[in-house]
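# Geometric and topological summary
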Amino acid sequence: MLRKIFNPARLSRFQRTMVTVSSSDALVSTEVDDKTGYATVTLNRAPVNSLSLELMTEIVKTVDELERSNIRGMVLTSFSNKVFCAGLDIMEMVNPDLDRLRAVWTRLQDTWASLYGTSFPTVALINGHAPAGGCLLALCCEYRVMCNNFNIGLNETQLGLAVPPWLQGTMRQTIGTREAEIHCIKGTMFNSQDALKIGLVDELAAENGEAMQRALHYLNTFKQMSPYARSATKLLMRNKDIEDMKRGRKEDVERFVENVMNSDFQNGLTVYLQSLKNRKNK
Ligand SMILES: CC/C=C\CC/C=C/CC(=O)SCCNC(=O)CCNC(=O)[C@H](O)C(C)(C)COP(=O)(O)OP(=O)(O)OC[C@H]1O[C@@H](n2cnc3c(N)ncnc32)[C@H](O)[C@@H]1OP(=O)(O)O
């Protein structure tokens, strides 16, 4: 059954009432172009948009609000032209409070589900590195435009984390079963060119402006199309995955908690954090 579909009856109301939302201190800022109906959603958590509980809560809230406003398309991007999103906030996993750790993973599941299941078209404008959870955000979008000279991939196993089944599924749909299996297990990070070759991203751009043009071009391909047919087809393809994730979400949370609380993982995380700092000081 369709979880939600584009409702054309609500579109005319939206056209009269659409507003531009933008706040300089928000973790996520949204600007809607009232001519095109396209929203640009910018992740705004310096320095690297790492996914804290609060940032993920804002992403889910933003997508829900956009869903209610019936925008015609969304571009997801970063305030930084160096890092799209550095993945889960590593500090959320260092000697964590268990209730908060459970809330973090639950909110990551929600973030995946809400972005993956939008009725409107979505493009990730990947204007910087996108490891792990950053790659997840990009994978949830329908189309990915990446700027040159950055890296993207699901590198979780390199950190000692297992990739959850719902995210494996999204990777399989994007790059195919065989490649997804190999690269989820290896935790491969791809440079922009290799990401294009393997189909992890759809287009490359030299810089942000060109990437935005390409993103808008994708959204414009739906201008003349029935929004109902478009959205219904997308959701008929994606809703089963979302329902499967929701059915297994409690076990998934407990698997993550067990993974993170393992002393080997905690020791490895300390070493990893130190290696990030050492790299910076070189
Ligand atoms: C488990 C299931 C699988 C998938 C589900 C999704 C969940 C995934 C788990 C994760 O996402 S774990 C996180 C994985 N992320 C990474 O491994 C990325 C680590 N970061 C980097 O490689 C680099 O920072 C960067 C390439 C993203 C950016 O490099 P650069 O621009 O040179 O910045 P710095 O390295 O100097 O970093 C600035 C600052 O930010 C801190 N930081 C970086 N990443 C994170 C992070 N993920 N969480 C928290 N903090 C992060 C870094 O330590 C620096 O802090 P300072 O205090 O030294 O300024």
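Here the structure is a predicted model, which is why all the values come from computation and not from measurement.

## A word on the overall build of the protein chain
Looking only at helices and strands, the protein chain features 12 helices and 9 strands. The C-alpha radius of gyration computed for the protein chain amounts to 18 Å, which stays within 12% of the reference 19 Å derived for 282 residues, consistent with globular compactness. Projected onto its principal axes, the C-alpha positions of the protein chain cover 55 × 40 × 40 Å. Per-residue burial over the protein chain gives 40% buried out of 282 residues.

## Things to note about the site of the ligand
For the ligand, the set of nearby residues contains 28 residues, the closest of which are Ser50, Gly87, Leu88, Ala132 and Leu161. When contributions to the shell around the ligand are tallied by element, the ones reaching two or more residues are α4 (133-140), α5 (156-159) and α12 (263-281). Ranked by the residues each element gives to the shell around the ligand, the list is headed by α12, at 3 residues. Looking at side-chain class alone, the shell around the ligand contains 18 nonpolar, 5 polar and 5 charged residues.

## Considering the packing of helix α3 (residues 98-116) against helix α10 (residues 227-247)
Here α3 crosses α10 at 165°, and the two axes come no closer than 10 Å. Comparing the axis directions of α3 and α10 gives the class roughly antiparallel. The way α3 lies across α10 gives a crossing that is left-handed. The residues of α10 that touch α3, namely those facing Gln109, Ala113 and Tyr116, are Arg238, Ile242 and Met245.

## Notes on the sheet that holds strand β5 (residues 130-131)
Taken in spatial order, the 3 strands make up an open sheet running β5-β7-β8, and their pairing is mixed. Each having just a single partner strand, β5 and β8 (190-191) make up the two edges of the open sheet. Bridge count between β5 and strand β7 (residues 151-153): 2 bridges; the pairing is parallel. From the neighbouring strand, Pro131 faces β7, where its bridge partner is Gly153.

## A look at the sheet that holds strand β3 (residues 73-78)
Here we have 6 strands laid out as an open sheet, ordered β1-β2-β3-β4-β6-β9, and mixed in their pairing. A single partner strand is all that each edge strand has here, and the edge strands are β1 (28-33) and β9 (203-205). The sheet shows a mean angle of 20° between the axes of neighbouring strands, direction not considered. Here strand β2 (residues 38-43) runs beside β3; their pairing, made up of 6 bridges, is parallel. Each residue of the ladder has a partner; that of Tyr38, found in β3, is Gly73.

## A few points about the packing of α4 against helix α6 (residues 165-175)
Two numbers describe how α4 lies on α6: the axes approach to 10 Å, and their chain directions differ by 55°. With respect to α6, the element α4 is oriented oblique. Every pair of crossing elements has a handedness; the one defined by α4 and α6 is left-handed. Counted together, Leu136, Leu139 and Cys140 of α4 and Leu167, Thr170, Met171 and Thr174 of α6 form the full contact between these two elements. Looking at the contact of α4 with α6 residue by residue, the class counts come to 5 nonpolar, 2 polar and no charged.

## As for helix α2 (residues 53-69)
Residues spaced three or four apart along an α-helix face the same direction, because each turn holds 3.6 residues. Here α2 contains 17 residues, and its C-alpha end-to-end distance of 25 Å stays within 8% of the 24 Å for a straight helix at 1.5 Å per residue. Buried residues of α2: Leu55, Met56, Glu58, Ile59, Thr62, Val63 and Leu66, and no others. Each buried residue of α2 lies within a common arc of 160° when the element is viewed along its axis, so the set occupies one face. Among the exposed residues of α2, those oriented more than 90 degrees off its buried face are Glu54 and Arg68. Where α2 is buried, its residues meet β1, β2, β3 and α3.

The rules behind these values
Position numbers for residues count from 1 along each chain, tracking the sequence in the order it is written. pLDDT decides what is reported in this predicted model: residues at 70 or higher carry local features, side-chain atom pairs at 80 or more are listed and counted, and totals for whole chains, interfaces and linings draw on all residues regardless. Numbering of helices and strands runs from the N terminus; a helix is a DSSP stretch of H or I covering at least four residues, while a strand is a stretch of E covering at least two. Within these notes, the globule rule equals 2.2 Å times the number of residues to the 0.38 power, and the radius of gyration is based on C-alpha atoms. The exposure scheme places C-beta atoms from the backbone and then counts, for each residue, the other C-beta atoms within 10 Å of its own, assigning buried at 20 or more, exposed at 12 or fewer, and partly exposed in between. The criterion for a residue being near a molecule or strand is simple: its C-beta atom, placed using the backbone, must lie within 6 Å of it. Residues are grouped as follows: Ala, Val, Leu, Ile, Met, Phe, Trp, Tyr, Cys and Pro are nonpolar; Asp, Glu, Lys and Arg are charged; all remaining types, including Gly, are polar. Axis definition: a line fitted to C-alpha atoms, over the contacting stretch in the case of helices. Angles run 0 to 180 degrees between N-to-C directions. In these notes the angle categories are as follows: under 35 degrees is roughly parallel, over 145 is roughly antiparallel, 65 to 115 is roughly perpendicular, and the rest is oblique. Left-handed describes a crossing whose near helix is turned anticlockwise from the far helix through less than a right angle; right-handed describes the clockwise counterpart. Remark: residues whose backbone-derived C-beta atoms lie within 7 Å of one another are considered to be in contact. For two strands to be treated as a pair, DSSP must find no fewer than two bridges joining them. What a helix should span is 1.5 Å times the count of its residues minus one. By definition, the arc is the one covered by directions from the helix axis to the C-beta atoms.

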